[in-house]
Amino acid sequence: GQMVGAINSKSIWEVWNENKLGYGDRWCSGLLFWYHNCPHPQVCSRMWDWMLEPTASLYHTMHAMEPVHVQYDYLKNSVSVVNDYLQEQKNLTVTAQVYNLESKRLLNLQTKTDVPADGVANDVLKIDFPDNISPVHFIALQVKDAKGNVVSKNFYWRSTNKYEGKNTVTDPCTAGFEPLGNMAAAKPTVRVKALADQDNMRQWQVVIRNSSNKIAFFCQLLLTDENGNAVHRTHYSDNFITLLPGEQETILVRTSHTQGKKYRFKFNENMQPSKIIAL
């Protein structure tokens, strides 16, 4: 459900990105997002669930709306770069990498591009997937500015499922993901550092590092009480993340201050049973 919510919400914003102000094959000047929250116990396409726990939809929406954003088109198998700044972005380096289910890199494509002010550079890269690619595979995108700083990263999961019509649940971003259940775990390290309270909120810095040669896919960090129950109304600066080999991510976690209460973290990788990190 979290994976469906992530790709569904991100796709909504990225369709707007591609077509903003007529840059794509249609004109789009705005977007109304009404799947905001839900009174029912579900996570699909809602930014937080009925217990006010942020869902994958929220975080993947957050990344889709960054001011300079790189994105992949499942229909055209192409990569575009969006610029929401009022200044042209010049001499950007765009990279697209394709990995199979065993985390082996199959393609490494790169190009240079400029993006107009408040505009889009569409289809700057075209991805031709190998015929023998694994039934489920991954696309990692990155953009660096002229100084070599990473300004955008994005990650997609794709299957070889064929689209069989509008009355079916088929296509490369909807079906055929059962092999993910057999994906090898990368087992990244997780380090937690308690920070000083701020605005009557307890907060921690959590560093997740993937030192293995495997992709750490769709990782969720969850703050719990000492009995293992989720602590609701907790804010994470990012979540439901994917780390390539050698990558690390720092997440700031904040929750309402409760004097004397004990906490711990659960960490889920590849949708597998979580491990407990005591504080």
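Residues numbered from 1 in each chain as written. Predicted model: local features only at pLDDT ≥ 70, side-chain atom pairs only at ≥ 80, totals over all residues. Heavy atoms only, no water.

Participant: Is there a simple way to explain the overall build of the protein in this structure?
Facilitator: Counting its secondary structure elements, the protein contains two helices and 15 strands. Computed over the C-alpha atoms, the radius of gyration of the protein is 19 Å, within 12% of the 19 Å expected from 2.2 N^0.38 for a compact globule of 279 residues. With the C-alpha coordinates aligned to their principal axes, the bounding extent of the protein is approximately 55 × 45 × 40 Å. For the protein, the proportion of its 279 residues judged to be buried stands at 47%. (Helix = DSSP H or I, 4+ residues; strand = E, 2+ residues; numbered from the N terminus. Rg over C-alpha atoms; globule rule 2.2 N^0.38 Å. Buried < 20%, exposed > 50% of the residue type's maximum accessible area, 1.4 Å probe, protein only.)

Participant: I would appreciate a short explanation of the packing of helix α1 (residues 2-19) against helix α2 (residues 56-64) in the present structure.
Facilitator: Think of two packed helices as two axes; the pair is described by the angle between the axes and how far apart they sit. In contact at an axis separation of 8 Å, α1 and α2 are set at 25° when each is read in the N-to-C sense. Compared by their axis directions, α1 and α2 come out roughly parallel. Pair α1 / α2 crosses with right-handed handedness. Facing α1, whose interface residues are Q2, G5, A6, S9, K10, W13, E14 and N17, α2 presents A56, S57, H60, T61 and A64. Looking at the contact of α1 with α2 residue by residue, the class counts come to four nonpolar, seven polar and two charged. (Axes fitted to C-alpha atoms, helices over the stretch in contact; angles between N-to-C directions. Parallel < 35°, antiparallel > 145°, perpendicular 65-115°, else oblique. Left-handed = near helix turned anticlockwise from the far one by under 90°. Contact = heavy atoms within 4.5 Å. Nonpolar A, V, L, I, M, F, W, Y, C, P; charged D, E, K, R; others polar.)

Participant: Sorry, what's going on with the nonpolar core here?
Facilitator: What tends to happen in soluble globular proteins is that the nonpolar side chains get buried as a cluster. Among the nonpolar cores identified, the biggest contains 60 residues, and I127, F138, W157, L180 and F217 are the most heavily contacted of them. For this core, the leading source of residues is strand β10 (residues 216-225), giving seven residues. Beyond its immediate stretch of four places on either side in the chain, F138 contacts Q97, V98, Y99, N100, L101, F155, Y156, W157, L180, M183, I215 and F217. (Core = buried A, V, L, I, M, F, W, Y, C linked by side-chain atoms within 4.5 Å.)

Participant: Please explain the pattern of salt bridges as it appears in this structure.
Facilitator: Pairs can form between side chains of opposite charge once their charged atoms are near each other. Inspection of the entire model under this criterion finds six salt bridges. The shortest N-O distance in the salt bridge between R26 and D25 comes to 3.3 Å. There is no split in this pair, since R26 and D25 are both exposed. One salt bridge connects K76 with D123, and the closest N-O pair in it is separated by 3.2 Å. Here the residue K76 occupies a position in the loop between β1 (68-73) and β2 (78-83), and D123 occupies one in strand β5 (residues 120-126), the gap between them amounting to 47 residues. Where salt bridges share partners, they join E18, K76 and D123 into one cluster. (Salt bridge = Lys/Arg side-chain N within 4 Å of Asp/Glu carboxyl O.)

Participant: What am I meant to see in the sheet that holds strand β6 (residues 136-144) here?
Facilitator: The strands that make up a sheet are held in pairs by hydrogen bonds between backbone atoms, and each pair lies either parallel or antiparallel. One open sheet accounts for four strands, arranged β4-β3-β6-β7; its pairing is antiparallel. Of all the strands in the sheet, the pair left with one neighbour each is β4 (105-115) and β7 (150-159). Sheet twist, expressed as the average angle between the axes of neighbouring strands with direction ignored, equals 15°. Sheet topology note: the β6/β7 ladder contains nine bridges and is antiparallel. Paired with A140 across the bridge in β7 is F155. (Pairing = 2+ DSSP bridges.)

Participant: What is the right way to look at the packing of aromatic side chains in this model?
Facilitator: Remark: the centre distance and the inter-plane angle together describe each pair of aromatic rings, the angle taken between the planes. What the rule picks out here adds up to 13 aromatic pairs. Centre to centre, the rings of Y74 and Y156 are 5.9 Å apart; their planes meet at 80°, and the pair counts as edge-to-face. Of this pair, Y74 sits in the loop between β1 and β2 while Y156 sits in strand β7, and the two are 82 residues apart along the sequence. For Y74, a relative accessible area of 14% puts it in the buried group. Each ring, one from F138 and one from F217, has its centre 5.3 Å from the other, and the planes form 45°; the classification is tilted. On the criterion of sequence distance, the pair formed by F138 in strand β6 and F217 in strand β10 is long-range, its members being 79 residues apart. For the residue pair F138 and F217, the accessibility class agrees, reading buried in each case. The ring of Y156 has K10 lying over it, and the distance from NZ or CZ to the ring centre is 3.9 Å. (Phe/Tyr/Trp six-rings, centres within 6.5 Å; stacked < 30°, edge-to-face > 60°. Lys NZ or Arg CZ within 6 Å of the ring centre and 35° of its normal.)

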